[in-house]
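Structural overview
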Amino acid sequence: MATNSSSEDLTLPGGWRGKAPMLLAVGLICVLLSAGMCYFVGGEENRSVGFSAFLHSYLANFIFCLSICLGGLFFVMIQHVARAAWSATIRRVAELLAYMIPWWLLLFLPILAMVWWTDSPALYPWNAGSGNVSAIVEKKLDYLNPFWFTIRVFVYFAVWVLCARYFFGMSRKQDETGDASITLKCQKWAGPGIIFTALATNFGAFDIMMSTDPEWFSTIYGVYLFAASMLSFFAMMIVSCYALQRAGRLQRQVNTEHFHDLAKFQFGFIVFWAYIAFSQFLLYWYGNIPEETQWYQDRMNHGWQYVGLVLIAGHFAIPFLGTMARKVRRSRPLMAFWGVFILVMHWVDMMFVLLPTDEIHFSGLLLIGHLVGWIGMVSVFLGLLIYRTGDTPLVAQRDPWIPDALAYQVGP
Amino acid sequence: MSEHQPKQKKIRPPRSFGWMAEYEDENQLLDAARKVRDAGYSRIDAFTPFPVHGIDEALNIRRTRLPWFSLVAGMTGTTVALLLQWWTNAFDYPYIISGKPYASWPAFIPVTFELTVLFAAFMTVFAMLGLNGLPKFNNPVFTDPKFDRATDDRFFLWVDSRDQYFNAEKVRELLEATGAKAVEEVWEDDSPTEVPKSIYAGIAVLILITLIPGAIVLNMRNSRSPYPRWHIFFDMDFQPSRKAQQPTTIFADGRVQRPPVPGTVARGELGPNDPFLLGYDPEGVAMGKGAAVNVQMVSYQQENSASQEPIEEPPAPPPPQPDTSAADDPQASATADASSEQAGEAPSKPAGDQAPTTAEDEGDAGAGPAAEGEPNYAWLERFPLPVDAELIEVGRREFEQNCAACHGLAGYGDGLVSRRATELAQGYWLQPTSLHEQRIIDQPVGRIYYTITHGKGKMAPYADALTPRERWAVVAYVRVLQRSQNARPEDVPADADLASARGDDTTNR
């Protein structure tokens, strides 16, 4: 299977690697800057809103990055379970993304610490504890309390990390041994892996994201996050492959067919996201029950309604029409553009989902603060990704599917 | 079809239809297709048991126009769905559903989505069939039994004899050079093209068979039969239930119609002359003008009309004093002139279905305690039932449920409905009478009972909503309210029973 000629350089470009420390430093500074800006969001008289706004903003940016990695994890396992040949050459990038999840646990620790050692309701109102929460939340405190919350978060991360490490580790092992039975093992474990990761993601979405508004609930919330994760992952994948090719990597391994397929997936998940987002909205809007509509009430007032309109156009209508044509999907620069577009929209989406509360209203300052925080978080993300990758080859070396993937052809 | 045809074909070789090569796997097929394509042939095709990646390119098939059909159909579906829903819900028959706006776009989306998909899917399928020239009954390639394996485990490449560069020998050589398992010429199928007679016959027979049931029915409709009717649902045609006036074996007296059980009163059959139900004594002598004769005529008429018509407005019941707010009501004053002429005979006039005839004419104002047109009965002055705290409590409940919305909790005519109507400046709204007007305070209890039973002006009758006892209870409560708002200090100890019943609640208006 000596399909990868040894002359080919399949590791990260050296120039990229040098940038990692800088990225991390920029990231840290930006996050601090964002904290400072958000602090003023509440105005003179209400500093606690500023604190709350920063925490929400941090969480939104955190989920933005984490969801991409989760999408990568799902992708890897789905490729195994489907015994897909075409994706063998691009799977490593997804594996690397998923392999970053342990870092995200690290970045979640500040929030956990806040939940654990304080009773601040700034991010999770239930954290105020019995007697300080509304009657509805009072009944939920058996589930939503610092102790169980922490345990559950660790369980979710354990599932994600285990799966990510397993599939990345096996793939690396195969690089060395070329043992085809490793592929079979991966295929065997991908099924259970998907089930557990899906459960962890679903309940993780409930706990980490949905409980920022503990009175409200939506059973489709986890699916919403899944749709957004897969969509942003495919966008990230297209952008990374494009960037790597620009830097002279993966020239032979990723051809137009791969781009076309990633673009098709991205297109599909644009529709899926819209379907889920709209279903959730329609049922609550039509039912018109105060308990359920409150969440949308927060998001349809105080300036957030414009963000919602931006989502309808930018997260659905525009990219839906924009990436419909086959010509566009097969054009790498165009798809790279749409990938970046989708990633920005994913950021807007996470902002729309996580930022608004009855206190946090939309404002220019909040937007800029959140944007700076995003730049920071993405810098950290890229920095860590580069560290994580190190000199790991960007393509699996001796995967038995590689020849098929290299010869992948669909049409003219 | 017929066996002699193939033999004939061998004797007289028909026109060649093209060449067919058979391969064992798809990669051979792909290679071969590329070679044939590169040799310049364009009328070529491949037959495979499953979709083969890259075959389009290998055969040099031009991009299909199918997506455009789907796109246009999809957009048509979107438009049609939106227009259809907008037109039906917001334009042609505006109807509020679930308190949503007529054109509630979020609710339109699911149907829009479905119609978009439906239109696009149908168009895609039918356009695909159309572009492929399907359905087609036959194709010469089917004459070769080997070809059956195209749906199983063999791959075929086909070069059409109508190709511009077609040359039978060259094509054969080319195909053989691609490593085909077999290369064969396909002959034009010259079996007769006309549809066999038997098919026509079959269709004719089918049509005839479908006519049979109709023919039987027609025949039965137009002929007589000595046999009894044929009952499909026997127990529906012959039911054990009996019709009126028929005998029955179920009851001892053999009658289907049952006499009322002794000691019971059928609905609506309660004695029409009971003052408890009427609020006045039909036998008694009315005050002021009008005579007992009139009263009895009225009750007679009411009895008659009650059996055919829903509860009617009381015959001409104008308030005796012209200074009520009713004078502000344009409608009331408009009808005033017309009705005042007949005011004297109003009680005997059947009430029309227009607004109650109110005789508000100033000219009649001096007509004594019972003004012209005011029902003129011997009103009960005393409650026809014992008044106790329990009754007043019932009255309070019913008043707050039924009356307070208009008259206000304390009876000042300032209920929520009234306030809202005033706020909206609704021209037709008539301020509910304050129950603390001297005129109402002076009214006998029977008169108020009558108002509740029959309604007045904008106020609906409550005969259906409240039982007579509840109506009396409400009257008692109205009295309590009036007393509570106009109490003199000496009232309190003197009538502690009534005053203490709900005294607390009634004062906070």
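Residues numbered from 1 in each chain as written. Chains lettered and ligands numbered in written order. Predicted model: local features only at pLDDT ≥ 70, side-chain atom pairs only at ≥ 80, totals over all residues. Heavy atoms only, no water.

This paragraph deals with the overall build of chain A. When helices and strands are counted, chain A shows 15 helices and zero strands. For chain A, with 412 residues in total, the buried portion stands at 57%. Pairs at least 24 residues apart make up 80% of the contacts formed inside chain A by residues separated by at least 6 positions. Carbon and sulfur atoms form 70% of the exposed surface of chain A, whose accessible area is close to 16,500 Å². (Helix = DSSP H or I, 4+ residues; strand = E, 2+ residues; numbered from the N terminus. Buried < 20%, exposed > 50% of the residue type's maximum accessible area, 1.4 Å probe, protein only. Contact = heavy atoms within 4.5 Å. Areas by Shrake-Rupley, 256 points an atom, 1.4 Å probe, with all protein chains shown as cover.)

Another point: the overall build of chain B. Looking only at helices and strands, chain B has 18 helices and four strands in total. Burial statistics for chain B: of 509 residues in total, 32% are counted as buried. Excluding contacts between residues fewer than 6 apart, the proportion of contacts in chain B whose partners are at least 24 apart in sequence is 71%. Counting only carbon and sulfur atoms, one obtains 59% of the accessible surface of chain B, whose full area is about 32,300 Å².

Our next topic: the sheet that holds strand β2 (residues 44–47) of chain B. All names here are of chain B. The four strands lie next to each other as β2-β3-β1-β4, forming an open sheet whose pairing is antiparallel. The sheet terminates laterally at β2 and β4 (182–187), the two strands that pair on one side only. With direction set aside, neighbouring strand axes in the sheet form an average angle of 25°. As paired strands, β2 and strand β3 (residues 155–160) are joined by four bridges and run antiparallel to one another. What sits directly across from Ile44, in β3, is Val159. Against the sheet, helix α2 (residues 26–38) contacts β1 (16–23), β2 and β3, and its axis sits at roughly 15° relative to β3. Lying on the sheet, helix α6 (residues 168–177) is in contact with β1, β3 and β4; it crosses β1 at an angle near 5°. (Pairing = 2+ DSSP bridges. Axes fitted to C-alpha atoms, helices over the stretch in contact; angles between N-to-C directions.)

This paragraph deals with the packing of aromatic side chains. Under the defined criterion, the tally for this structure stands at 64 aromatic pairs over all chains. Plain terms: the ring middles of A:Phe74 and A:Phe226 are 4.9 Å apart, the flat faces sit at 85° to each other, and that makes the pair edge-to-face. Pair noted here: A:Phe74 is in helix α2 (residues 47–81) and A:Phe226 is in helix α8 (residues 221–246), with a separation of 152 residues, a long-range link. Judged by relative accessible area, A:Phe74 falls into the buried class, the value being 3%. On the numbers, 4.2 Å between centres and 15° between planes, the contact of B:Tyr449 with B:Trp472 is stacked. Of this pair, B:Tyr449 sits in helix α15 (residues 445–454) while B:Trp472 sits in helix α16 (residues 468–485), and the two are 23 residues apart along the sequence. An identical accessibility class is assigned to B:Tyr449 and B:Trp472; each is buried. Here the aromatic cluster, defined as three or more aromatic residues joined through ring pairs, consists of A:Phe74, A:Phe75, A:Trp86, A:Phe226, A:Phe233, A:Phe234, A:Phe265, A:Phe269 and A:Phe272. Over the aromatic face of A:Tyr99 sits the side chain of A:Arg388, whose NZ or CZ is 4.1 Å from the ring centroid. (Phe/Tyr/Trp six-rings, centres within 6.5 Å; stacked < 30°, edge-to-face > 60°. Lys NZ or Arg CZ within 6 Å of the ring centre and 35° of its normal.)

What follows deals with the interface of chain A and chain B. Note: interface size is frequently given as the accessible area lost on complex formation between the parts. Taken together, the 13 residues of chain A in the interface contact 15 residues of chain B. Together, the buried faces of chain A and chain B total about 1,200 Å²; carbon and sulfur atoms form 73% of this surface. Between the two partners, chain A and chain B, sit two residue pairs in polar contact (both at pLDDT 80 or more). Broken down by class, the residue content of the side of chain A that touches chain B amounts to nine nonpolar, three polar and one charged. (Buried area = accessible area lost by both parts, 1.4 Å probe. Polar contact = N/O pair within 3.5 Å; in protein donor to acceptor, adjacent residues only side chain to side chain. Nonpolar A, V, L, I, M, F, W, Y, C, P; charged D, E, K, R; others polar.)

This part is about a negative patch on the surface. Together, A:Glu215, A:Glu291, A:Asp358 and A:Glu359 line one region of the surface with negative charge. Judged by relative accessible area, which is 38%, A:Glu291 ranks as partly exposed. (Patch = residues over 30% accessible without salt bridge, like charges linked within 9 Å, V, L, I, M, F, W, Y side chains within 5 Å. Salt bridge = Lys/Arg side-chain N within 4 Å of Asp/Glu carboxyl O. Lys, Arg positive; Asp, Glu negative; His and termini not counted. Charge placed at Lys NZ, Arg CZ, Asp CG, Glu CD.)

An α-helix turns once every 3.6 residues. As a result, residues three or four positions apart point the same way. Extensive coverage of α15(B) is indicated by the burial of ten of its ten residues. B:Gly455 occupies a position one or two residues after α15(B) and carries a positive phi of about 75°.

As a further point, take the packing of helix α1 (residues 14–39) of chain A against helix α14 (residues 364–389) of chain A. Residue and element names in this part refer to chain A. Taken N-terminus to C-terminus, the directions of α1 and α14 make an angle of 155°; their axes are 7 Å apart at the nearest point. Judged by the inter-axis angle, α1 sits roughly antiparallel to α14. You can see that α1 and α14 cross each other, and the crossing is left-handed. When grouped by side-chain class, the residues that make up the contact of α1 with α14 number 23 nonpolar, seven polar and one charged. (Parallel < 35°, antiparallel > 145°, perpendicular 65-115°, else oblique. Left-handed = near helix turned anticlockwise from the far one by under 90°.)

So, on to the packing of α2(A) against helix α3 (residues 91–99) of chain A. Residues and elements named next belong to chain A. Viewed as axis vectors pointing N to C, α2 and α3 meet at an angle of 135°, and their least axial separation amounts to 7 Å. Here α3 runs oblique to α2, going by the angle between their axes. In terms of crossing hand, the pair formed by α2 and α3 is left-handed. Each of Ile68, Cys69, Gly72, Leu73, Phe75, Val76, Gln79 and His80 in α2 lies in contact with α3, whose residues at this interface are Arg91, Ala94, Glu95, Leu97 and Ala98.

Overall, the coordinates contain 26 salt bridges over all chains when judged by the stated rule. B:Asp153 serves as the salt-bridge partner of B:Arg149, at 2.9 Å between the closest nitrogen and oxygen. For B:Arg149, a relative accessible area of 34% gives the class partly exposed. Here B:Glu393 makes a salt bridge to B:Arg396, at a shortest N to O gap of 2.7 Å. Residue B:Glu393 and its partner B:Arg396 are located together in helix α12 (residues 389–407), separated by three residues, close to a single helical turn. For B:Glu393, a relative accessible area of 30% corresponds to the partly exposed category. The structure contains a network of salt bridges with shared partners spanning A:Arg91, A:Arg92, A:Glu95, A:Arg172, A:Asp175 and A:Asp399.

On to the confidence of the model for chain A. Residues and elements named next belong to chain A. Per-residue pLDDT for chain A has a mean of 88; in total, 97% of the residues score no lower than 70. Mean pLDDT values over the elements of chain A span from 82, in helix α15 (residues 402–406), up to 94, in helix α13 (residues 332–354). Across residues 1–6, confidence stays below pLDDT 50; counting only partners more than four residues off in sequence or on other chains, it has eleven contacts. (pLDDT = per-residue confidence, 0-100.)

The subject of this paragraph is the nonpolar core. The nonpolar side chains of soluble globular proteins are, as a tendency, buried together. The biggest cluster of nonpolar side chains holds 144 residues, and the ones touching the most others in it are A:Leu59, A:Ile63, A:Trp104, A:Phe108, A:Tyr124 and A:Tyr221. Ranked by residues supplied to this core, first place goes to α2(A) with 20 residues. Residues contacting A:Tyr124, with those up to four places away along its chain left out, are A:Leu59, A:Phe108, A:Ile111, A:Val115, A:Phe149, A:Asp207, A:Ile208, A:Ser211 and A:Thr212. By size, the runner-up hydrophobic cluster in this structure holds 25 residues, among which are B:Ile448, B:Val474, B:Val475 and B:Val480. (Core = buried A, V, L, I, M, F, W, Y, C linked by side-chain atoms within 4.5 Å.)

Attention shifts here to the environment of B:Trp472. Residue and element names in this part refer to chain B. Take Trp472: its relative accessible area is 0%, and that puts it in the buried class. Sequence-wise, Trp472 and Leu385 are 87 residues apart; in three dimensions their C-alpha atoms are separated by 8.1 Å. Aside from chain neighbours lying at most four places away, what touches Trp472 is Pro275, Phe276, Gly279, Leu380, Phe383, Pro384, Leu385, Val445, Gly446 and Tyr449.

Before going further, it helps to examine the environment of A:Phe352. Tracing the backbone shows A:Phe352 in helix α13. In sequence terms A:Phe352 and A:Leu311 are 41 residues apart; their C-alpha atoms lie 8.5 Å from each other.

B:Leu134 connects to B:Pro135 through a cis peptide bond whose omega is -5°. With respect to the secondary-structure elements, B:Pro135 resides in the loop between α5 (105–131) and β3. Phi at A:His302 takes a positive value of approximately 55°, unusual for a residue other than glycine. If you check the backbone angles, B:Gln245 has positive phi at about 70° while not being a glycine. Structurally, B:Gln245 can be placed in the loop between α8 (234–237) and α9 (275–278). When its relative accessible area of 67% is taken as the criterion, B:Gln245 is described as exposed.

A separate point is helix α9 (residues 256–287) of chain A. Residues and elements named next belong to chain A. The end-to-end C-alpha separation of α9 is 46 Å, in line with the 46 Å expected for 32 residues at 1.5 Å each. By the N-cap criterion, in which a side-chain oxygen at the helix start approaches the backbone nitrogen of a residue two or three places on, α9 is capped by Asn255, the distance to Glu257 being 2.9 Å. The positive-phi residue at the C-terminal boundary of α9 is Asn288, with phi of around 55°. (Expected span 1.5 Å × (residues − 1).)

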